[in-house]
Amino acid sequence: MVSAEELEARIAALRESGDLTSLLLALEARTRPLLDRLPPMPTVKALLSTDGGVCPDDGTALRFDPWNANEHQCPTCGKRYAGERHLRAWARLQHLWLAERAAELATVAVASSDESLGERAGARSREILRWYAERYTDFPNVDNVLGPSRLFFSTYLESIFITNYMAAAVLLREGGAMDEETAELVGRLADEAAAVIGEFDEGYSNRQTWNSAALTAIAVWFEDAELAQRAIEGPTGILAHWLEGLGDDGMWYEGENYHLFALRGLLVGTSWARLAGMDLIADPQIANRLRLALRAPAVTALPDRTFPARKDSRFGISLAQPMYLELWEIGLAWLGEESGGLEAWLAELYAVPAPVAQTFESYLHEAGLPAPAQRTRTGLSWWALLQMEPVLRESAPGWAPASELLEGQGLAILRQGDRYASLECGEFGGGHGHPDRLHLTLFSGGVHWLPDFGTGSYVSPDLFWYRSTLAHNAPRLDGKSQPTGDARCAAFEAQEKWSWVVGRFGDLTRTLVAGPNYLVDLVELAGEDEHLLELPWHFAGAVSVEGAVEWQRGVLDDPFVTNVEASRRPEDKPLVMAVARPHGDGPGLRVHFLFEGELVRAEAPGAPGKGRASFLVQRAKGRRLRFLTLIDFGGGAAVTAMKFADDTLTVESSDGIDRHRMAGERWEILQDSGSTVLAGQRLAPASIAGLVPRTRPTPLIASAPWVDPEPALDGTLDGFDISEPIALDLEDQYRRSELPFEGPETFSAVAFANWNDDALFLAVEVTKSDPRFRPADAAPLRLDNEHDDIHSDGLQVYLTTSTGTSLGFLVVPDSATDGVRVRAIPGTAAEPDMIRGAWQLSDNGYTVTLAIRPPEWSPNRSGSAVDFDLIVNELGPERTRRSGQLVWSGGGGWIWLRGDRQETGRFGELRLVP
């Protein structure tokens, strides 16, 4: 990612820099095994599956060994496995690792002072480039999970590969080490890759930053100004993501994990943009966005220098991972003296004990290598060699972030010493958001007491647990995960000894007040409607309740929850619990619960990969409810008693008596030494609605005539009133995968809806020359956590009745009979026995007829309506995953990641005609 002139200047600089010289020597040492032999070259397309690349005994991800394609070892039990599924899982990382190595070899080729070593490195780099160029189109662009891809199953992976592949090619070309034949082959691959990647625009997405970076890299190779302008300055290009993807607080709208991933994509893309003639960082506005983007994860970091696992984050990941160190190294080099003091943060990351190297798709520099005892600048990658400062600038000692509200994220952080408490009171956060509004995270004394578990594997069923409210320390109503929606920070103020935050989500309010020795947590439900309020607590240590507690068998309806017990609690007497330190000696927590209702204890998945764990739930039913909790951190001033009366919380400790008074928009703490008043009312922050599309299509309207008697329901239209057809035959009703809509002659449908007092009747005639129905006894696909029946020709039917009950059904014709296989879609109130029906082949496809009996079906004969939607799935020839679907309410876009879900806000209206 440097021109010939820049490369010459960089080589001169590294000869004078001890850090850069040492890093180059380390890179030379890393390349030597590749010079001795060519690594295994994967000849298969990568596959995302539930059983590939994981140990079947304990579920641990198998160790990635780039030198062994045939045996894959479990790091937990030591067993070795082989087979196609493991090979294709290995291929995902091997393709990426090889592209990285090609760039690393190219760097050594053009920068090494050892002429012989440089020539050998250049030859091996060109060999890898040619190998892929000669075979690229042999990899099939089918059965992808998220966007077109040849080598992988998602476009963003193709883009990561291409940024490294093109870096190798450009470095060789600019360094005078590229031959004409290899250059021609590279151009052939780049042209095809541009077509694959350029077809799939993901809008404002962390993945799109990489797609744009890859297209910019290809534009640099071809000197294609038009492609460069599109990838850099287009509506969802690099520049737009700098300006719109980050909030005013500098954080990417999808949280820390995707912030760091998107930021690397943006830095890579910005490097390519400069080579294309657009120096984005020269613009003060973009430079400031970079400064804020580098600062944001440093501000939200937990005291152990991991990032909080908010939204779809990996749990317990250190910010001292070398991939992240490079973000600050390169960013600070670009910002120069205007870095805002982040050198102190980077120095602190280098000072912490080296974390075990993690495997990242966008950084495999350390794959197969042991972690060093300490991280240094000389252990980074080829990209750092070309970009970072020759010498890290001196900084003021220590990085000491204060309490802070990141208004764009709605994340309020209350800090005191090594204590960290945060409250989620922002927007939902896009497709990676969790229903965790008003979630509490707590870290103190070196222990992550109340964590957010983030997300484990995307292909494991427990993904749905980690994406539930019950898996968070967040309130939920009526036994259901929170609906998609936004909370807001109503007040925030931090003083020397006391700080507070108030978050609101609908009728729920959560107030945190942090002091020198304890934390007060108040959860309140307002409003006139009666609700069941539940508040989970996922403490890291073992919990023991002080005093006699009578546990009885309880109920907590969730498929992931077991061993449920409950105990009734009076409101006027606090329940005191000791939470033991999970590892080693030292003080734990003492937790005081003051509420009227039930205390529930149960087991569910704990931190990803750590097995099951116990947790608690406070539960009460009513119109106006209050859960008051005090968490004592075990310091010298231990809390001995607490009581609540007349809007005043009285806390007694060895230091005296504190009186907390809630006074409207203020919180007052009265002590013998004086009083403290916390206020700081906040305005609602700017919305990210432009990043997360929330517009709904204009609802379609269809009619369902009355029929009596009911239709034959034998897979024909016998008995149906077909005067009001519902057509699914337009391109903008089609959600596609790799291939576009071929037209209604190839794939379309027409439906007819009827009704009477007993049921809703539906007939669907599908035009498709070769329907492919998944057999009931077919072997499991084990592709992901979606039901296999979505990968079949068939239907998805959705209803929302007049009482607000939402129903969803997945219906597949049974190829062995004339019946249908019905599955209730999770998250709806549907049951399979609510549907009966049949199907038959037709001259140009197949016909399905159904009777649907929703609960409490009692439509008004004078005319009423239900919300309704119909989806027809398509499985193409020689495919494992479905190829597309027609959506009555309006499709457009792409089928990837749709599963069997359909947003209720997209439903049309089915009018029941008397």
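Rules and cut-offs
- Residues numbered from 1 in each chain as written.
- Predicted model: local features only at pLDDT ≥ 70, side-chain atom pairs only at ≥ 80, totals over all residues.
- Heavy atoms only, no water.
- Core = buried A, V, L, I, M, F, W, Y, C linked by side-chain atoms within 4.5 Å.
- Buried < 20%, exposed > 50% of the residue type's maximum accessible area, 1.4 Å probe, protein only.
- Helix = DSSP H or I, 4+ residues; strand = E, 2+ residues; numbered from the N terminus.
- Contact = heavy atoms within 4.5 Å.
- Pairing = 2+ DSSP bridges.
- Axes fitted to C-alpha atoms, helices over the stretch in contact; angles between N-to-C directions.
- Parallel < 35°, antiparallel > 145°, perpendicular 65-115°, else oblique.
- Left-handed = near helix turned anticlockwise from the far one by under 90°.
- Nonpolar A, V, L, I, M, F, W, Y, C, P; charged D, E, K, R; others polar.

Engineer: I tried to follow the nonpolar core on my own but got confused; where do I start?
Structural biologist: As a rule of thumb, nonpolar side chains are buried together in soluble globular proteins. Ranked by internal contacts, the top residues of the largest apolar core, which has 132 residues, are Tyr 132, Met 166, Trp 242 and Tyr 324. In terms of residue count, the dominant contributor to this core is helix α3 (residues 84-111) (15 residues). Not counting residues within four places of it along the chain, the set of residues in contact with Tyr 132 comprises Met 41, Pro 42, Gln 94, His 95, Leu 98, Leu 151, Phe 161, Tyr 165 and Leu 189. Ranked by size, the runner-up nonpolar core spans 43 residues in total, among them Leu 728, Phe 747, Val 866 and Trp 888.

Engineer: Is there a simple way to explain the environment of Val 887 in this structure?
Structural biologist: Relative to the assigned elements, Val 887 resides in strand β38 (residues 884-887). Take Val 887: its relative accessible area is 0%, and that puts it in the buried class. In this structure Val 887 touches Leu 728, Gln 733, Arg 735, Asp 869, Leu 870, Ile 871 and Gln 902, once residues within four positions along its chain are discounted.

Engineer: Explain the sheet that holds strand β4 (residues 411-416) to me, please; I cannot follow it from the model alone.
Structural biologist: Strand pairing in a sheet is mediated by backbone hydrogen bonds. Such pairs are either parallel or antiparallel. One open sheet holds the 5 strands; their spatial order is β3-β4-β5-β6-β7, and the pairing between them is antiparallel. In the strand order of this sheet, the two ends are held by β3 (404-406) and β7 (447-450), each with one partner. Within the sheet, the average angular offset between the axes of one strand and its neighbour, ignoring direction, is 15°. Lying on the sheet, helix α11 (residues 284-300) is in contact with β3, β4 and β5 (419-424); it crosses β4 at an angle near 55°.

Engineer: How should I be thinking about the packing of helix α5 (residues 155-174) against helix α7 (residues 206-222) in this particular structure?
Structural biologist: To characterise two packed helices, one gives the angle between the axes of the helices and the distance between these axes. Viewed as axis vectors pointing N to C, α5 and α7 meet at an angle of 30°, and their least axial separation amounts to 8 Å. What the angle tells us is that α5 and α7 run roughly parallel. Seen from above, α5 lies across α7 with left-handed handedness. Between α5 and α7, the contacting residues are Thr 155, Tyr 156, Ser 159, Ile 160, Ile 162, Thr 163, Met 166, Ala 169, Val 170 and Arg 173 on the first element and Arg 207, Trp 210, Asn 211, Ala 213, Ala 214, Ala 217, Ile 218, Val 220 and Trp 221 on the second. Class assignment of the residues belonging to the contact of α5 with α7 gives a composition of 13 nonpolar, 4 polar and 2 charged.

Engineer: Where do I start with the pairing of strand β13 (residues 531-537) in this structure?
Structural biologist: For a regular strand, side-chain orientation follows a simple rule: the groups alternate between the two sheet faces. Among the 7 residues of β13, 6 are classified as buried, and the element is accordingly described as predominantly covered. Pairing geometry for strand β8 (residues 476-477) and β13, over 2 bridges, is antiparallel. When the bridges of β13 are listed, Arg 476 appears paired with Glu 534. In this sheet, strand β20 (residues 612-622) lies alongside β13 in antiparallel orientation, the contact comprising 7 bridges.

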